[in-house]
Amino acid sequence: MTYANIRTMKRRTILLLLLPALFASLLTDCRKKPEKPEPAPVAVPKGLKMKPYTVRGVRYRPMTVEQALQYTETGEASFYGQAGSRSASGEILRAGTCYAAHRTLPMPCTVRVTNIRNGKSCEVRVIDRGPFHKRRIIDLSREVGRRIGMNPYGTGQVKVEVISIGKGKDKVFRKEE
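Here's a quick rundown of the structure.

Cut-offs applied
- Counting from 1, residues in each chain are numbered in the order their sequence is written.
- Under the rules for a predicted model, residues below a pLDDT of 70 receive no local features and side-chain atom pairs below 80 are neither given nor counted, while totals for whole chains, interfaces and linings still include all residues.
- Side-chain metrics rest on all non-hydrogen atoms present in the structure, leaving aside hydrogens and water.
- Going along the chain from the N terminus, every DSSP run of H or I of four or more residues is numbered as a helix, and every run of E of two or more is numbered as a strand.
- A 1.4 Å probe rolled over the protein chains alone gives each residue an accessible area, and that area as a share of the maximum for its type sets the label: buried under 20%, exposed over 50%, partly exposed in between.
- Residue contacts are defined here by distance: any two heavy atoms, one from each residue, within 4.5 Å place the two residues in contact.
- Whether two aromatic rings pair depends on their centres lying within 6.5 Å, for rings of Phe, Tyr and Trp, where Trp uses its six-membered ring; planes under 30 degrees apart make the pair stacked, over 60 edge-to-face, and the rest tilted.
- As used in this record, nonpolar core signifies buried Ala, Val, Leu, Ile, Met, Phe, Trp, Tyr and Cys residues forming a set joined through side-chain atoms within 4.5 Å.

### Remarks on the environment of Phe79
Here's step 1: Here Phe79 shows up in strand β3 (residues 72-79).
Here's step 2: Look at Phe79 and you get buried, because its relative accessible area is 16%.
Here's step 3: The spacing of Phe79 and Ser141 is 62 residues in sequence and 5.5 Å in space, taken between C-alpha atoms.
Here's step 4: The contacts of Phe79, once residues within four sequence positions are left out, are Asp139, Leu140, Ser141, Arg142, Gly145, Met150, Asn151, Pro152 and Gly154.

### Examining the packing of aromatic side chains
Here's step 1: One pass over the structure, following the stated rule, counts four aromatic pairs.
Here's step 2: On the numbers, 5.2 Å between centres and 25 degrees between planes, the contact of Tyr53 with Tyr60 is stacked.
Here's step 3: A residue is classified by how much of its surface remains accessible, and Tyr60, at 15% relative accessible area, is buried.
Here's step 4: Residues Tyr60 and Phe132 carry aromatic rings whose centres are separated by 5.5 Å and whose planes lie at 55 degrees to one another, so their mutual orientation is tilted.

### A word on the nonpolar core
Here's step 1: Counting 28 residues, the largest nonpolar core has Leu105, Val111, Val113, Ile138, Leu140, Val158 and Ile165 as its most contacted members.
Here's step 2: No other element matches the four residues that strand β8 (residues 155-165) contributes to this core.
Here's step 3: Setting aside chain neighbours within four positions, we find Val113 in contact with Lys120, Ser121, Cys122, Val124, Ile138, Leu140, Ile148, Val158 and Lys159.

Next up, the structure:
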């Protein structure tokens, strides 16, 4: 047997071994399935308060705009705020106005707060930081509590959904699904 014959036999053997794999790959759909395009990054509106901060030794890091636009949470809310004091965003808290405080949402943003017990809701601007009580998810002005029929003692179960982030022409809205 010559060297040329051995080489030819090796080629035939390799071809016979690879042929079934070749046919199998032709029969199956080998095309890459198109991936869902990643959503375009959301532009950060001007004037957002996004700096991390520390209260009582606990470090809080505000959510990104993308995270905040997806934010929905149910939990306990409470009343807060003394008229005339200044909020973390620099605004002066006024009696009879609707405002809220949240630990990690970018400021300012607008949220819909719904009372779980009676279904009443109100749109509220988040302009302050808090609550710093572990069980509570949001602090509301007394006016918001009155509008949604919260317990007169100052706490109640609510659902919080972000509607928009920022203010003015730079405002970014939540996309409804």
